[in-house]
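# What the coordinates show
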Amino acid sequence: MAIRKIIQPDNPTLRRKARRVISFDRDFQQLVDDMIDTLDEAQGVGLAAPQIEVSQRVIIVRLPDDEESRKEYGKDAGVLYVVANPEIIKASKEMVEGVEACLSIPGYYGTVDRHESVVVTGQDRKGKPIRVKAKGWLARVFQHEIDHLDGRLYIDIAKEIWEARPEDAQPEEQPAKESASGSS
Ligand SMILES: [Zn+2]
């Protein structure tokens, strides 16, 4: 297990379309473990492999597990999702605006429209098919992370971007809750 360096947009790996995961071997298990350690260290809620300079289609997502989060997100709070080769197979027509940040773009926030809910299919870390129904903030994080696999960043689609003031800077991925009327 190891904490890996999170790269920023000056590194072209972040802009590349990542390759499908075809082997769920020991190296892949190591990659997933390292991604979990790296996310914990950064206190984020989601990480995609390209962010640690590995051009493979795997993401991890985990909403906070504190009391407030459990109240707001119920059973989604604190659950670790590891999804290889994720695909959004269904997305709500309803879009919601929310505030996002990215571990690869520290110190900035932006408002982004996302689908209120999505259904994601893919494979777990052993290669078994999985399907995740996500709503609200969880759906937002999945959309943000899956975008990373195609080299897309939230700043490409944000309606507004601003620099965090040093006093409220938080080293989190998507630290803010939905600014719209609590869609989760
Ligand atoms: Zn990101």
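Residues numbered from 1 in each chain as written. Predicted model: local features only at pLDDT ≥ 70, side-chain atom pairs only at ≥ 80, totals over all residues.

### What to know about the sheet that holds strand S5 (residues 108-115)
One open sheet accounts for 3 strands, arranged S4-S5-S8; its pairing is antiparallel. Two strands lie at the open edges of the sheet, namely strand S4 (95-100) and strand S8 (160-163), each paired on one side alone. Neighbour to neighbour, the strand axes of the sheet diverge by 25 degrees on average, direction disregarded. With 4 bridges joining them, S5 and S8 adopt antiparallel strand pairing. Pairing of Tyr109 across the sheet is with Trp162, part of S8. Contacts from helix H3 (residues 136-149) reach S4 and S5 within the one sheet, and its direction differs from that of S5 by about 105 degrees. (Pairing = 2+ DSSP bridges. Helix = DSSP H or I, 4+ residues; strand = E, 2+ residues; numbered from the N terminus. Axes fitted to C-alpha atoms, helices over the stretch in contact; angles between N-to-C directions. Contact = placed C-beta atoms within 7 Å.)

### Concerning the sheet that holds strand S6 (residues 117-123)
One open sheet accounts for 5 strands, arranged S1-S2-S3-S6-S7; its pairing is antiparallel. Only two strands of the sheet have a single partner each, and these edge strands are strand S1 (46-48) and strand S7 (129-135). The sheet shows a mean angle of 40 degrees between the axes of neighbouring strands, taken without regard to direction. Taken together, the 7 bridges between S6 and S7 define a ladder with antiparallel strand orientation. Looking across to S7, one finds that Val119 is bridged to Lys133.

### Quick word on the pairing of strand S2 (residues 58-61)
On S2, burial covers both faces: Val58 and Ile60 on one face and Ile59 and Val61 on the other are all buried. Where S1 lies against S2, 3 bridges are found, and the strand directions are antiparallel. Looking at S2, one finds that Leu47 is bridged to Ile60. Of the pairings in the sheet, the one linking S2 to strand S3 (residues 81-91) comprises 4 bridges and is antiparallel in character. Residue pairing in the sheet places Ile60 in a bridge with Val82 of S3. (Buried ≥ 20, exposed ≤ 12 C-beta atoms within 10 Å, placed from the backbone.)

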